[in-house]
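Okay, here's what each chain looks like letter by letter:
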Amino acid sequence: GGSAMPRSYRKLLEEARREVPPETQKQIRVDVPRTFSALPEELQPRSRGGSGGLEEAEAVLERVLLSGEWLHGNAARVDIGATYTQGMNFLAALCIADLWPGEEGEAAAAEAEEREELAFWLFDLLLTQTL
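Rules and cut-offs
- Residues numbered from 1 in each chain as written.
- Predicted model: local features only at pLDDT ≥ 70, side-chain atom pairs only at ≥ 80, totals over all residues.
- Heavy atoms only, no water.
- Axes fitted to C-alpha atoms, helices over the stretch in contact; angles between N-to-C directions.
- Helix = DSSP H or I, 4+ residues; strand = E, 2+ residues; numbered from the N terminus.
- Parallel < 35°, antiparallel > 145°, perpendicular 65-115°, else oblique.
- Left-handed = near helix turned anticlockwise from the far one by under 90°.
- Contact = heavy atoms within 4.5 Å.
- Core = buried A, V, L, I, M, F, W, Y, C linked by side-chain atoms within 4.5 Å.
- Buried < 20%, exposed > 50% of the residue type's maximum accessible area, 1.4 Å probe, protein only.

Novice: What am I meant to see in the packing of helix H3 (residues 54-72) against helix H5 (residues 88-99) here?
Specialist: When two helices pack together, their arrangement is given by the angle between their axes and by how far apart the axes lie. Between H3 and H5, the shortest axis-to-axis distance is 10 Å and the interhelical angle comes to 120°. With respect to H5, the axis of H3 lies oblique. The handedness of the crossing between H3 and H5 comes out as right-handed. On H5, the residues that touch Val60, Leu61, Val64 and Leu65 of H3 are Met88, Asn89, Ala92, Ala93 and Ile96.

Novice: Sorry, what's going on with the nonpolar core here?
Specialist: Across soluble globular proteins, nonpolar side chains show a tendency to be buried alongside one another. Grouped together as the largest cluster of nonpolar side chains are 28 residues, with contacts concentrated most on Phe36, Leu61, Val64, Leu65, Ile96, Phe120 and Phe123. Looking at this core, the elements with two or more residues in it are helix H1 (9-19), H3, H5 and helix H6 (109-130). Take this core: its biggest share by element is 7 residues, from H3. In this view, Leu65 contacts Ile28, Val32, Tyr84, Met88, Asn89, Ala92 and Phe123; residues no more than four positions away in its chain are not counted.

Novice: Help me understand the environment of Arg7, please; the structure alone is not making it clear to me.
Specialist: Counting through the fold element by element, Arg7 comes out in the segment before H1. In this structure the C-alpha to C-alpha distance between Arg7 and Leu71, which are 64 residues apart in sequence, comes to 9.4 Å. With sequence-adjacent residues up to four places away left out, Arg7 is seen in contact with Leu12, Glu15, Trp70 and Trp121.

Written as structure tokens, this is what we have:
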């Protein structure tokens, strides 16, 4: 069947910050700092130059995971069974790394927000259409 129009990523993020259980938010915060360092060096934000470094990438990763948990956290309601588990951080990090700016120079804030939202929806597609 058809799906409803996707909700705004920013709205999902706002809801997620309020509604995702504190223990899940804590687990995401524990997993985030060890994620990018486990990726191949060429995918690590600090080695790719351009705008944004590791700290910014980790903040994006935390927001993407939190929003994904809120969107899919109630597995019975959404019928995909994709509550947050360790390992999802690596899938989301790869989505972010694929869209991370390279050496072309500084990106505008709007472009950074657009890349973050694209990374989120790519992560969402992996969870709902691939896994």
